[in-house]
Amino acid sequence: MHPLAPLLALAGAVLAISFSSILIRYSQAPSAVIAFYRMALTTLLLLPWAWREAGRVRRLPRRLLGASVLSGILLAGHFLTWIASLRYTSVTASVLLVTSHPLYVMAADAWLLRERVPTRRLLGAMLALTGVAVVTFAGAGAGDLVAGGRALYGNFLAVAGSWFFAGYILIGRRVRQVLPVMPYTTLVYGVAAAVIAVGLALTGTPFGPHPWREMLLFVALAVVPTLGGHTVLNWALEYVPASVVSVSILGEPVGASLLAWLLLGEAPTGVELAGGALTLAGLFVATQAAAREAAPAAAGAGQSERQDPHAGPSPAG
C-alpha cells in the first residue's frame, strides 16, 4: 500500500461526513423519517459483514448487551435532535455545535474517574466552550428573538445532539473493548432505527411512500457520510495515529460550511466564523493535550497509538 493512501482516505472520509448536513437540507421529509431511513439502510448494508460475528453479540454479558441497547437509544436521540436542528439554524452553527461533543466526554471522564484535569486541557475546553456559547447565543442574533427564536431553538437542538452523542461514545468505548466494530456498530444502528420507528408509529408519522428523489437522498446518507465517512475512519485508524485522526475530524465543520456556501448559498456570518474559530481552536488544544497524556499509558501497556473512534473525537454528522 502506498504510504499516502491512508491519509488520502482520511481526507475523503472527512469530506464524505461533511456532506451529511447538505443531504439532509436537500430532503423535504420530516426529520425523524430522515433519521430512521439513515439508520435502517445503514444497518441493512452492514448486516452481511456483521453477521459473520453475530455469535460474539449473543455471547455478550447481559450488562454489556444492555449498555449497547442504551447506546443505540442515545444515538437515536442524537440523530433526532441534530437533524431537526438543521430545519431551524444554519449548517455552520449546527455542525459546529454538534461537533463539540468531545468537551462533554472529557467532562464526564473527569467526573466519573474523579481525576484532576491538566491545565492545558482545561484551557482548551474553556476556549471551546466560549466558542460554543458565542455560536449558540450571539450567532442567533437579536433579530432571531423577534422572529420567535428559531435559530436559538435550532442551536439548542444541536447542543442536545452533542450531549446524546457524548453518551454514545462513553458507552461505546467500554463495549468496544470486547466487541469488534462491525457487529457493535450494526447492533447500535439497528437499535437506533427501531427506537425511531417506534417514535414514528406512536406519533402517527407515516414512513412513506416517498418520491424516488427522497429515497435516493436516504441511500446517499447511508452510503456517503455513514459508510464512506465513519467506516473509512475506522479503517484509517489501523494505519494513521489517533492524534492525526482527531485533528482531521475537526475539518468536518469547515467542510460542511464550505459546502453549504457553495451548494446552498448559505454563507457563515461573522459571529459564526469567530465562534467557530474559538471552538475548533479549543477542541484542538484539548484533544491534543488528552492524546499526549494518554500516550505514555498506551506505550506502557504495549499498545500502538491507534485509538477507537468511539474513545475520542468522532464525527457526529
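Quick caveat, the model's predicted, so the values are computed rather than measured. (Residues numbered from 1 in each chain as written. Predicted model: local features only at pLDDT ≥ 70, side-chain atom pairs only at ≥ 80, totals over all residues. Heavy atoms only, no water.)

Peer 1: I'd like a rundown of the overall build of the protein chain, residues and numbers included.
Peer 2: Each helix and strand in the protein chain was counted, giving 15 helices and zero strands. Long-range contacts, defined as pairs at least 24 residues apart, comprise 88% of the intrachain contacts of the protein chain with a sequence gap of at least 6. Within the structure as shown, the protein chain displays about 14400 Å² of accessible surface, and the carbon and sulfur contribution to it stands at 71%. (Helix = DSSP H or I, 4+ residues; strand = E, 2+ residues; numbered from the N terminus. Contact = heavy atoms within 4.5 Å. Areas by Shrake-Rupley, 256 points an atom, 1.4 Å probe, with all protein chains shown as cover.)

Peer 1: Talk me through the pattern of salt bridges; I want residue IDs and the actual numbers.
Peer 2: One pass over the structure, following the stated rule, counts three salt bridges. R25 is the salt-bridge partner of E266, the closest N and O atoms lying 2.7 Å from each other. Of this pair, E266 sits in the loop between helix 14 (251–264) and helix 15 (270–300) while R25 is found in helix 2 (residues 20–26), placing the two residues 241 residues apart along the sequence. On the basis of relative accessible area, R25 is assigned to the partly exposed category, the value being 22%. Among the ionic pairs, E53 bridges to R56, the shortest N-O distance being 3.9 Å. (Salt bridge = Lys/Arg side-chain N within 4 Å of Asp/Glu carboxyl O. Buried < 20%, exposed > 50% of the residue type's maximum accessible area, 1.4 Å probe, protein only.)

Peer 1: Give me the lowdown on the packing of helix 5 (residues 62–85) against helix 10 (residues 150–175), citing residues and values where you can.
Peer 2: The N-to-C vectors of helix 5 and helix 10 enclose an angle of 160°; their axes lie 8 Å apart at closest approach. As far as their axial angle goes, helix 10 and helix 5 are roughly antiparallel. In the crossing of helix 5 with helix 10, the sense of the turn from one axis to the other is left-handed. Broken down by class, the residue content of the contact of helix 5 with helix 10 amounts to 15 nonpolar, nine polar and two charged. (Axes fitted to C-alpha atoms, helices over the stretch in contact; angles between N-to-C directions. Parallel < 35°, antiparallel > 145°, perpendicular 65-115°, else oblique. Left-handed = near helix turned anticlockwise from the far one by under 90°. Nonpolar A, V, L, I, M, F, W, Y, C, P; charged D, E, K, R; others polar.)

Peer 1: Now, about the environment of A29: what can you tell me, with residues and values included?
Peer 2: On the secondary structure map, A29 appears in the loop between helix 2 and helix 3 (31–50). The class for A29 is buried, based on a relative accessible area of 5%. For the pair formed by A29 and F207, sequence separation is 178 residues and the distance between their alpha carbons is 9.7 Å. In this view, A29 contacts I34, R87, H210, E214 and F218; residues no more than four positions away in its chain are not counted.

Peer 1: Provide a residue-level description of the UniProt feature "transmembrane region" (unreviewed entry) in the protein chain, including the pertinent values.
Peer 2: Under the feature "transmembrane region" (unreviewed entry), the UniProt entry names residues 30–51, 63–85, 91–113, 122–140, 152–171, 183–203, 215–237 and 244–264. Structurally, residues 91–113 comprises 91% helix and 0% strand, and the distance from its first C-alpha atom to its last is 35 Å. The annotated region residues 152–171 carries 100% helix and 0% strand content, and the separation between its end C-alpha atoms amounts to 29 Å. (UniProt positions renumbered as here; feature names shortened; annotations may be inferred.)

Peer 1: Got a sec to walk through the confidence of the model for the protein chain? Specific residues and values, please.
Peer 2: Per-residue pLDDT for the protein chain has a mean of 85; in total, 87% of the residues score no lower than 70. Taking the mean pLDDT of every element in the protein chain, the minimum, 54, falls on helix 9 (residues 142–146) and the maximum, 97, on helix 2. In this model residues 301–313 is a low-confidence stretch, pLDDT under 50, and it forms 33 contacts with partners more than four residues away in sequence or in other chains. (pLDDT = per-residue confidence, 0-100.)

Peer 1: Tell me about a nonpolar patch on the surface, and please be specific about residues and values.
Peer 2: Together, L65, V69, L70, I73 and V195 make up an exposed nonpolar region whose accessible area comes to about 340 Å². The dominant element in the nonpolar patch, judged by the number of residues it contributes, is helix 5, at four residues. With respect to the helices and strands, the residue V195 is situated in helix 11 (residues 181–203). When its relative accessible area of 30% is taken as the criterion, V195 is described as partly exposed. (Patch = residues over 30% accessible without salt bridge, like charges linked within 9 Å, V, L, I, M, F, W, Y side chains within 5 Å.)

Peer 1: Residue-level account of the environment of A256, with values.
Peer 2: Residue placement: A256 occurs in helix 14. Separated by 235 residues in sequence, A256 and S21 have C-alpha atoms that sit 6.9 Å apart. If we ignore the near neighbours within four places in the chain, the residues touching A256 are S18, S21, I22, V91 and V95.

Peer 1: Can you explain the nonpolar core? Please cite residues and give values.
Peer 2: One finds F36, M39, L75 and Y168 to be the most contacted residues of the largest nonpolar core, which totals 52 residues. Taken together, the elements giving at least two residues each to this core come down to helix 2, helix 3, helix 5, helix 6 (91–98), helix 10, helix 11, helix 12 (212–236) and helix 14. Among the elements that take part in this core, helix 11 stands out by supplying 10 residues, more than any other. Not counting residues up to four positions away in its chain, the partners in contact with L75 are M39, F165, Y168, V188, Y189 and A192. In this structure, L97, L103, V135 and L280 belong to the second largest nonpolar core, which totals 15 residues. (Core = buried A, V, L, I, M, F, W, Y, C linked by side-chain atoms within 4.5 Å.)

Peer 1: Account for the side chain of E252, with residues named and values stated.
Peer 2: For E252, the location among the structural elements is in helix 14. Although E252 lies buried, it forms no salt bridge, and the closest oppositely charged side chain, R38, sits 7.6 Å away as judged by the N-O distance. (Lys, Arg positive; Asp, Glu negative; His and termini not counted.)

Peer 1: Describe the packing of aromatic side chains, with residues and values.
Peer 2: Two numbers describe a pair of aromatic rings. These are the distance of the centres and the angle of the planes. Taken as a whole and judged by the stated rule, the model has seven aromatic pairs. On the numbers, 5.2 Å between centres and 75° between planes, the contact of F36 with F207 is edge-to-face. Linking F36 in helix 3 with F207 in the loop between helix 11 and helix 12, this pair joins segments that are 171 residues apart in sequence. One aromatic cluster is present, formed by F36, Y37, F207 and F218 through successive ring pairs. (Phe/Tyr/Trp six-rings, centres within 6.5 Å; stacked < 30°, edge-to-face > 60°.)

Peer 1: Quick one: what's the story with helix 14, residue by residue and with numbers?
Peer 2: The first and last C-alpha atoms of helix 14 sit 19 Å apart over 14 residues, in line with the 20 Å expected at 1.5 Å per residue. Once helix 14 finishes, G265 follows within two positions and takes phi at roughly 65°, a positive value. (Expected span 1.5 Å × (residues − 1).)

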